[in-house]
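For reference, the chains in residue letters:
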Amino acid sequence: DYLAVLSHIHAQGQEGSLEEHFLPQHLGCFKNAPPSLWTVVTTVSDPTARCSLKSVVTKSANMSNTHDDCQMVKGHGRKIESINITREDEVMLETITRKEYGLLGQYLNV
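Residues numbered from 1 in each chain as written. Predicted model: local features only at pLDDT ≥ 70, side-chain atom pairs only at ≥ 80, totals over all residues. Heavy atoms only, no water.

Visitor: Run through the environment of Leu6, naming residues and quoting values.
Guide: As for its placement among the helices and strands, Leu6 is situated in helix α1 (residues 2-11). For the pair formed by Leu6 and Phe22, sequence separation is 16 residues and the distance between their alpha carbons is 9.0 Å. Aside from chain neighbours lying at most four places away, what touches Leu6 is Leu18 and Ile96. (Helix = DSSP H or I, 4+ residues; strand = E, 2+ residues; numbered from the N terminus. Contact = heavy atoms within 4.5 Å.)

Okay, here's the thing in structure tokens:
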């Protein structure tokens, strides 16, 4: 199953060889520039994400002048109502993402 294969790749230390959609963030966009050096670190679910990122791109500190909706558009992927995971799956996911959460956890609203 997919999760077991991904877990095996991580256990072998080969996660750096994954395609960019599966590459852990600490080995991708944050590999050479840690989050502390970024102007904005946010999640797609943050209701102000779009305006925060726009303020960086436009070099504007004032987000109140924007006429855009500040929520990100979530249009990638397919909609899945819910999934059930086993405790074993949960342990694999926690193990696979541990380094990413270690690096990014302080910036997440979790």
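And the narrative resumes.
Visitor: For the pattern of salt bridges, give the residues involved together with the corresponding values.
Guide: One pass over the full model with this rule turns up three salt bridges. With a shortest N-O distance of 3.1 Å, Arg87 and Glu90 are connected by a salt bridge. Taken as a pair, Arg87 and Glu90 lie in helix α3 (residues 87-104) at a separation of three residues, close to a single helical turn. A relative accessible area of 32% means that Glu90 is categorised as partly exposed. Each of the salt bridges in this network shares a partner with another, and the network as a whole consists of Arg87, Glu90 and Glu94. (Salt bridge = Lys/Arg side-chain N within 4 Å of Asp/Glu carboxyl O. Buried < 20%, exposed > 50% of the residue type's maximum accessible area, 1.4 Å probe, protein only.)

Visitor: If you had to explain α1 to someone new, which residues and values would you point to?
Guide: Those residues of α1 not exposed but buried are Leu3, Leu6, Ser7 and His10. Along the axis of α1, the buried positions cluster into a sector of 100°, meaning they face one direction only. Those residues of α1 that are buried are in contact with α3. (Arc of directions from axis to C-beta.)

Visitor: Describe the side chain of Glu100, naming the residues involved and giving the relevant values.
Guide: Looking at the element boundaries, Glu100 is found in helix α3. One buried charged side chain, Glu100, makes no salt bridge at all; its nearest oppositely charged neighbour is Lys99, positioned 10 Å away. Side-chain polar atoms of Glu100 contact the backbone nitrogen of Gln25, separated by 2.8 Å. Ignoring any residue separated from it by four or fewer positions in sequence, one finds Glu100 in contact with Pro24, Gln25, His26 and Gly105. (Lys, Arg positive; Asp, Glu negative; His and termini not counted. Polar contact = N/O pair within 3.5 Å; in protein donor to acceptor, adjacent residues only side chain to side chain.)

Visitor: How would you sum up the nonpolar core? Please name residues and give values.
Guide: Leu3, Leu6, Leu18, Met92 and Ile96 form the largest nonpolar core, which has five residues in total. Elements that contribute at least two residues to this core include exactly α1 and α3. If near-sequence neighbours (up to four positions away) are discounted, Leu18 is found in contact with Leu6, Ile9, His10, Leu23 and Pro24. (Core = buried A, V, L, I, M, F, W, Y, C linked by side-chain atoms within 4.5 Å.)

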